[in-house]
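Listed below are the residues making up each chain.
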Amino acid sequence: MNESNKPKVRFITVDSEDAGQRIDNFLLKTLKGVPKSMIYKLLRKGEIRVNKKRCKPEYKLVNEDILRIAPIRVSENTNTVSTQLNVVANLEKQILFEDDRLIVINKPSGMAVHGGSGLSFGLIEALRALRPDARMLELVHRLDRDTSGCLVVAKKRSALRNLHEQLRNKKVQKFYHALVKGRWSAKLTKVTESLKKNDLKSGERVVIVDNINGKESETRYKVLQHFQGATLVRAFPVTGRTHQIRVHCQCKGHPIASDAKYGHPDFDADMKAKGLKRLFLHAASIEFTHPLTEQRLKIEAPLEPSLEKLLTQLKKEQ
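Definitions and cut-offs
- Residues numbered from 1 in each chain as written.
- Predicted model: local features only at pLDDT ≥ 70, side-chain atom pairs only at ≥ 80, totals over all residues.
- Heavy atoms only, no water.
- Pairing = 2+ DSSP bridges.
- Helix = DSSP H or I, 4+ residues; strand = E, 2+ residues; numbered from the N terminus.
- Buried < 20%, exposed > 50% of the residue type's maximum accessible area, 1.4 Å probe, protein only.
- Contact = heavy atoms within 4.5 Å.
- Core = buried A, V, L, I, M, F, W, Y, C linked by side-chain atoms within 4.5 Å.
- Salt bridge = Lys/Arg side-chain N within 4 Å of Asp/Glu carboxyl O.

Caption draft 1: Representation of the pairing of strand β12 (residues 219-227). Taken together, the 2 bridges between strand β9 (residues 190-191) and β12 define a ladder with antiparallel strand orientation. Looking at the pairing, Val 191 lines up with Thr 219 of β12. Hairpin connection of β12 to strand β13 (residues 230-237): 2 residues between the antiparallel strands, including Gly 229 at a positive phi of 80°. The pairing of β12 with strand β16 (residues 316-317) spans 2 bridges and is antiparallel.

As structure tokens, then:
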């Protein structure tokens, strides 16, 4: 082996961002590609030390602790995401905002937020490939695979905690644009049907309206434009249930265009004939308080050209 490729002893000084974490969790994130079993073995054998002393996996890191990590050879992961992949390279162009605390990206439709369920990688893995020097990149919230638009990713644990608290306290405002079937009444400004997750025999998960056993849900709506046979609406989810906007549209007789789970076949066929190849649900903007500066930020994500083109083909109505 080339001398330069030989694994070396590593020293890491813990900063305030990582203080308070269990050392096993910290090492799992820091030593990418090292199996969990190996990390526990290294701790047990004293190959990883804190301030020159052995420690147990449950040890909580303290600011300015010095970790000594013995040389570790990690096998090359054949599933790592190449930064040369077009899909990854294109993500760079979709970044709407970035600083040392967070990234807001315009997530493409069709891309899962993370790998799993047969997918080798998702958006978070792709971002890690784009930002290999970032100590941490974690999703602040999620978007369905077929939904595009504003997605926030934290670069620091303090930012993640802060934004999660804002989400819990309903201090984050997320507005979506959806093209729905039929003429949505301007008087229908709020949908409050309770929602319940339902697992089908096939293993597929769908969400149904269940005002007895479901969880309380609320979405507020505003008509943006009436078209012949369709309406562009703005949706503001007050609660954050799975598939909430999609099911609330469907239960009022206005399913979203090209919704594979909750759509209307005839409407979808009409939209497909006009060139629509994806779910017409887009996280158009997000508003929150910046974790460090405490300034209120509103970030907007433009519709992709294919959706803009579809709207120009529809006949406007008053």
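Caption draft 2: Spotlight on the side chain of His 243. Here His 243 lies in the loop between β13 and α6 (244-251). Overall, His 243 belongs to the buried group, its relative accessible area being 12%. Sequence-distant contacts of His 243, that is, excluding residues within four places in its chain, are made with Asp 144, Arg 205, Val 207, Lys 261 and Tyr 262.

Caption draft 3: The nonpolar core, seen in detail. In this structure, Ile 105, Tyr 221, Ile 245 and Ile 256 are the most contacted members of the largest nonpolar core, which totals 32 residues. Elements that contribute at least two residues to this core include exactly α3 (86-93), β5 (102-107), α4 (123-130), β7 (148-154), β8 (173-181), β13, α6 and β14 (281-289). Per-element tally for this core: the top contributor is α4, with 6 residues. Setting aside residues up to four positions removed in sequence, Ile 256 forms contacts with Ala 178, Leu 179, Val 180, Ile 245, Arg 246, Cys 249, Gly 263, Phe 267, Asp 268, Leu 279, Phe 280 and Leu 281. If you look at the next biggest cluster of nonpolar residues, it comprises 17 residues, including Ile 12, Val 14, Leu 42 and Ile 72.

Caption draft 4: Representation of the pattern of salt bridges. In the structure shown here, the tally under the stated rule is 15 salt bridges. We note a salt bridge from Arg 296 to Glu 287, for which the minimum N-O separation is 3.4 Å. The network of salt bridges with common partners includes Glu 92, Glu 98, Arg 131 and Lys 155.

Caption draft 5: Quick look at α6. Of all 8 residues in α6, 6 are buried; the element is thus mostly enclosed. Turning to α6, its buried residues number three or more, namely Gln 244, Ile 245, Arg 246, Val 247, His 248 and Cys 249. Two residues or fewer after α6 comes Gly 253, characterised by a positive phi angle close to 85°.

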